[in-house]
Structure formats: structure tokens, C-alpha cells
Amino acid sequence: MGEPSLRERALRHLARRDHSRAELAKKLAAHGDADEVKAVIERMGELGLQSDTRYAEAFVRVKSGRFGASRLRSELARRGIDRDLIDEAITSECVESESERARAVLRSRFTEPPADPREWARQARFLQTRGFAPDLIRKLLKEPYDESA
């Protein structure tokens, strides 16, 4: 058996999971020249096997329960997704509001409200690394924890 073709490599990658155009191009770059890679990716898109829109929506759907909009945007941009597609995906796939998601993420990690400035900073850093806005973090850490939530 010989070396798999560029098309076969692309199909194998896409069979495992969705990839953005940029991710797929990066993975195929070592196996063909830029024009060949571009042509294969274009063909995958024409066949409906690769879609940046579908990739962005799936990514947001899976990760929105753990990350804020800022982190989702930066992760998708890093993966080569266009800004407009990112905004559309976040708008369509984030069913809960940013504050509801942040509250759920905070409550999943911390069961008690911050008792002192050091604990407040710890919880704020946690939410900040998850991509939530500083204003939202301040608001959440001021409110008392609801035992039923």
C-alpha cells in the first residue's frame, strides 16, 4: 500500500471530527503544496464535508457551558474562524445568558461565597480565565450564593 492521497488524509481527519479550514490546511500542509491543499479543502467544502459555520456552532455548543463569550471568541479566532461566523455561532448556540453561564461555572467550582479578599481574588481569577467579563465577575461575586442554584 502506498502513501495516502491528500484527499484521503482530509477525509480521515474530517471523519474523526469537524475541523476548521485553517486546522485542516495546517494538518495537510506537510503532505502537499499549498495549491493542492487549498483545492482539496475547497472540494471538501463543496461536498459539505467541511464547514467553518458548522465547526463554529458545534464548538460553541460544546464549550459554552464552561467558558464565557470572550474565551469562545479567542479560541475560535485562534482556529481560523472568521469574526462574523464566530458572532453568529455565539448568538445562535448560547441559549443561556452570559450571567447564567458564569453563575453556573462559578457554583460548579466554589460552593461558598468569598469570605475574604484572597478568596474573592481566587474566584475572580477562575472566572476571568474562563473568559467572563470583569464587570460580570464583580457583580456575581457580590451576590450571595443561593443554595437552590
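Here is what the cut-offs are and how they apply
- Residues numbered from 1 in each chain as written.
- Predicted model: local features only at pLDDT ≥ 70, side-chain atom pairs only at ≥ 80, totals over all residues.
- Heavy atoms only, no water.
- Helix = DSSP H or I, 4+ residues; strand = E, 2+ residues; numbered from the N terminus.
- Rg over C-alpha atoms; globule rule 2.2 N^0.38 Å.
- Contact = heavy atoms within 4.5 Å.
- Areas by Shrake-Rupley, 256 points an atom, 1.4 Å probe, with all protein chains shown as cover.
- Lys, Arg positive; Asp, Glu negative; His and termini not counted.
- Charge placed at Lys NZ, Arg CZ, Asp CG, Glu CD.
- Salt bridge = Lys/Arg side-chain N within 4 Å of Asp/Glu carboxyl O.
- Buried < 20%, exposed > 50% of the residue type's maximum accessible area, 1.4 Å probe, protein only.

Visitor: Just checking my understanding: could you explain the overall build of the protein for this structure?
Guide: Along the backbone of the protein there are nine helices and zero strands. For the protein, the succession of helices and strands along the chain, N to C, is α-α-α-α-α-α-α-α-α. Here the C-alpha radius of gyration of the protein, 20 Å, is well above what a compact globule of 149 residues would show, namely 15 Å. When its C-alpha atoms are laid out on the principal axes, the protein stretches across 65 × 25 × 25 Å. The contacts in the protein between residues at least 6 apart in sequence include a share of 58% that link residues at least 24 apart. In the form shown here, the protein has an accessible surface area of approximately 9,400 Å², with 50% of it arising from carbon and sulfur atoms. A distance of 5 Å separates the average location of the 30 positive side-chain charges in the protein from that of its 27 negative side-chain charges.

Visitor: What is the right way to read the pattern of salt bridges from this model?
Guide: This model, assessed by the stated rule, comprises 14 salt bridges. In this structure, glutamate 3 and arginine 9 form a salt bridge, with 2.3 Å as the shortest nitrogen-oxygen distance. Judged by relative accessible area, glutamate 3 falls into the exposed class, the value being 65%. The exposure class assigned to arginine 9 is buried, which follows from its relative accessible area of 14%. The salt bridge involving aspartate 135 is made with arginine 138; its shortest N-O contact spans 2.4 Å. Note that aspartate 135 and arginine 138 are positioned in helix H9 (residues 134–142) at a spacing of three residues, about one turn of the helix. With a relative accessible area of 38%, arginine 138 lands in the partly exposed category.

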